[in-house]
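Here are the chains, one letter per residue:
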Amino acid sequence: MQHLIRTSDFTKEEILHVFDEAREFKRTKNSKVLEGKIIITLFFENSTRTRSSFEIAAKRLGAEVVNLDVGTSSQKKGETMYDTVSNINAMQPDAIIIRHSECGLPESLIGYVDCPIINAGDGRHSHPTQAFLDLFTIYEYFEGQTDGKKIAIVGDVRNSRVAGSNRRLLPRFGIDVNLVAPDCFKYEGDEYKQFDTISEIIDDMDIVMSLRSQLERHNITYFESLQEYARDFCITTDLMERKEFLLLHPGPVNRNIDINDDVLKHPRCQVLEQVTNGVAIRAAILKKLILNY
Ligand code: CP
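The chain goes by Aspartate carbamoyltransferase in an unreviewed UniProt entry, where it is assigned to Aliarcobacter thereius. Its UniProt record gives the chain a comment under Subunit (unreviewed entry), which states: "Heterododecamer (2C3:3R2) of six catalytic PyrB chains organized as two trimers (C3), and six regulatory PyrI chains organized as three dimers (R2)."

Colleague: Is there a simple way to explain the overall build of the chain in this structure?
Modeller: When you go through the chain residue by residue, the secondary structure sums to 9 helices and 9 strands. Its C-alpha atoms give the chain a radius of gyration of 19 Å, near enough to 19 Å, the size a compact globule of 293 residues would have. Projected onto its principal axes, the C-alpha coordinates of the chain cover approximately 55 × 45 × 35 Å. Evaluated residue by residue, the chain yields a buried proportion of 53% over its 293 residues. In the chain, the share of contacts with a sequence separation of at least 24, taken over all contacts with a separation of at least 6, comes to 76%. Accessible surface for the chain amounts to roughly 13100 Å². Of this, 45% is attributable to carbon and sulfur atoms. A gap of 4 Å separates the mean positions of the 36 positive and 44 negative side-chain charges of the chain.

Colleague: Please clarify how the site of the ligand should be interpreted in this entry.
Modeller: Close to the ligand lie Asn46, Ser47, Thr48, Arg49, Thr50, Arg99, His127, Gln130, Pro250 and Gly251. Side-chain polar atom of His127 to an oxygen atom of the ligand: 2.8 Å apart, as the coordinates give it. A distance of 3.4 Å is found between a nitrogen atom of the ligand and a backbone nitrogen or oxygen belonging to Gly251. Look at the ligand: alone it shows 250 Å² of surface, and the protein chains cover 91% of it. Viewed by domain, the shell around the ligand spans two of them, domain 1 (12–128 + 275–291) and domain 2 (129–271), each represented by three or more residues.

Colleague: What's the story with the packing of helix 1 (residues 12–28) against helix 5 (residues 128–141) in this structure? I'm lost.
Modeller: The relative placement of two packed helices comes down to the angle between their axes together with the axis-to-axis distance. Orientation of helix 1 relative to helix 5, taken along the N-to-C sense of each, is 75°, at an axis distance of 11 Å. Classed by the angle they form, the pair helix 1 and helix 5 counts as roughly perpendicular. Contacts between helix 1 and helix 5 involve Ile15, Leu16, Phe19, Ala22, Arg23 and Lys26 on the former and, on the latter, Phe132, Leu135, Phe136, Tyr139 and Glu140. In terms of residue class, the contact of helix 1 with helix 5 is made up of 8 nonpolar, no polar and 3 charged.

Colleague: Could you clarify how one ought to interpret helix 6 (residues 161–169) in this entry?
Modeller: Working note: α-helix, 3.6 residues per turn, so residues spaced by three or four point in the same direction. Counting buried residues in helix 6 gives 8 out of 9 residues, a clear majority hidden from the surface. Inspection of helix 6 places Arg161, Val162, Ala163, Gly164, Ser165, Asn166, Arg167 and Leu169 among the buried residues, and these make up the whole buried set.

Colleague: Looking at this model, I keep getting lost on the packing of aromatic side chains. Mind explaining?
Modeller: The geometry of an aromatic ring pair is captured by two quantities: the separation of the ring centres and the angle between the planes. Scanning the model with the defined rule gives 10 aromatic pairs in all. Residues Phe10 and Phe132 carry aromatic rings whose centres are separated by 5.4 Å and whose planes lie at 10° to one another, so their mutual orientation is stacked. Note that Phe10 is positioned in the segment before helix 1 and Phe132 in helix 5, a separation of 122 residues in sequence. A centroid spacing of 6.4 Å and a plane angle of 50° characterise the contact between Phe185 and Phe223, whose relative ring orientation is tilted. Placement of Phe185 in the loop between strand 6 (176–180) and strand 7 (193–195) and of Phe223 in the loop between strand 8 (207–210) and helix 7 (226–233) is noted, with a sequence separation of 38 residues between them. Under the relative-accessibility criterion, Phe223 is labelled buried at 13%. Site record: aromatic cluster; members linked through ring pairs are Phe185, Phe223, Tyr229 and Phe233.

Reading the values: the criteria
- Sequence order as written defines the numbering, with residues in each chain counted from 1.
- Only residues with pLDDT of at least 70 get local features here, since the model is predicted, and only at 80 or more are side-chain atom pairs given and counted; chain-wide, interface and lining totals rely on the full set of residues.
- Calculated side-chain values reflect all of the structure's heavy atoms, with hydrogen atoms and water omitted.
- UniProt positions are given in the numbering used here, feature names are shortened, and annotations may be inferred rather than shown by experiment.
- Going along the chain from the N terminus, every DSSP run of H or I of four or more residues is numbered as a helix, and every run of E of two or more is numbered as a strand.
- As a reference, a globule follows 2.2 Å times the number of residues to the power 0.38, and the radius of gyration itself is taken over C-alpha atoms.
- Burial here depends on accessible area, computed with a 1.4 Å probe over protein chains only, as a share of the maximum for the residue type. Under 20% is buried, over 50% is exposed, and the range in between is partly exposed.
- When checking whether two residues touch, look at their non-hydrogen atoms; a contact exists if any pair is within 4.5 Å.
- Surface exposure here means Shrake-Rupley accessible area, sampled with a 1.4 Å probe, where a residue is shielded only by the protein chains that are shown.
- Residues scored as charged are limited to Lys and Arg (positive) and Asp and Glu (negative), so that His and the chain ends carry no count.
- To locate a charge, take NZ of a lysine, CZ of an arginine, CG of an aspartate or CD of a glutamate.
- Here a residue is considered near a molecule or strand provided that any single heavy atom belonging to it is located within 4 Å of it.
- Any pair of N or O atoms that falls within 3.5 Å is considered a polar contact. Within protein, one atom must be able to donate a hydrogen and the other to accept it, and sequence-neighbouring residues count only if both atoms are side-chain atoms.
- These domain limits were set by an automatic method or by a database of domain assignments.
- Note on geometry: axes are C-alpha line fits, over the in-contact stretch for helices, and angles between N-to-C directions span 0 to 180 degrees.
- By definition in this entry, angles of less than 35 degrees are roughly parallel, angles greater than 145 are roughly antiparallel, angles of 65 to 115 are roughly perpendicular, and the rest are oblique.
- Nonpolar residues are Ala, Val, Leu, Ile, Met, Phe, Trp, Tyr, Cys and Pro. Charged residues are Asp, Glu, Lys and Arg, and all others, Gly as well, are polar.
- Paired rings are identified among Phe, Tyr and Trp, the last through its six-membered ring, by centres lying within 6.5 Å, and are further divided according to the angle between planes into stacked (under 30 degrees), edge-to-face (over 60) and tilted (the rest).

This is the structure in structure tokens:
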């Protein structure tokens with residue numbers, strides 16, 4: 001049995017196979033390969049894209065989905081996370097998808113279950129399915145030619161789990177990772193190239209990934225306001241015209257702070273394609289983990 005906690009849980013060969021399956025899913029959409037399977041989602045943090053796309057993917061594959069309403073679960077009566085998950089596991093689901101603010105929580109649950117656990121985001125640590133769908137979007141855009149491409153990941157790289165997963169995954173596919181952030185959001189480590197402004201590297205970039213400031217994870221007083229942050233880090237029409245790059249964002253986009261309104265309609269801004277790909281990638285991951293191949 002295989003779990004998905006971090007992107008390194010899948011070999012490069014497995015990831016490329018997931019991409020093949022995702023491509024096939026986008027072509028055919030509905031199949032019944034997971035008929036009779038039951039998937040449960042436990043989201044202890046809010047979600048628009050991840051939870052819905054897992055649910056749509058599962059349903060298109062014929063599985064049923066139970067979304068535990070964590071707000072009304074017995075954790076409100078003092079039940080521990082480990083008891084919640086042990087009890088869910090005793091109902092014999094075929095996969096458990098979990099999002100939580102605590103880094104490492106999904107991994108710590110592995111010993112309590114008899115089915116695959118999928119990490120749908122743990123604090124500022126990892127968001128492996130997002131990174132896979134981001135890489136898939138890049139892979140499709142550049143027709144598989146990722147080797148030597150350069151990406152600028154812009155914004156709150158310190159607190160973003162999307163940045164955390166991508167900066168580990170993308171180099172495995174030959175993509176050169178550059179982090180761009182103000183001092184308060186800089187990654188604490190020296191294994192990546194870090195820059196203060198987009199302007200100083202944009203002319204070399206093939207891809208820009210803009211990030212939302214993770215205000216729920218910190219209380220930054222470095223800026224007077226997000227508008228002040230936006231003056232230096234918002235992706236503008238001028239930047240789009242200066243260099244031909246693919247623009248990504250994991251969502252939710254903070255409009256006119258992360259990316260200008262007008263830029264969101266630009267053909268090289270593939271934010272909604274990422275969302276479409278998210279369903280396909282999650283379908284492929286569910287199929288792989290539940291059918292165990
Ligand atoms: N990208 C992402 O994880 O979006 P949600 O928080 O809406 O799931």
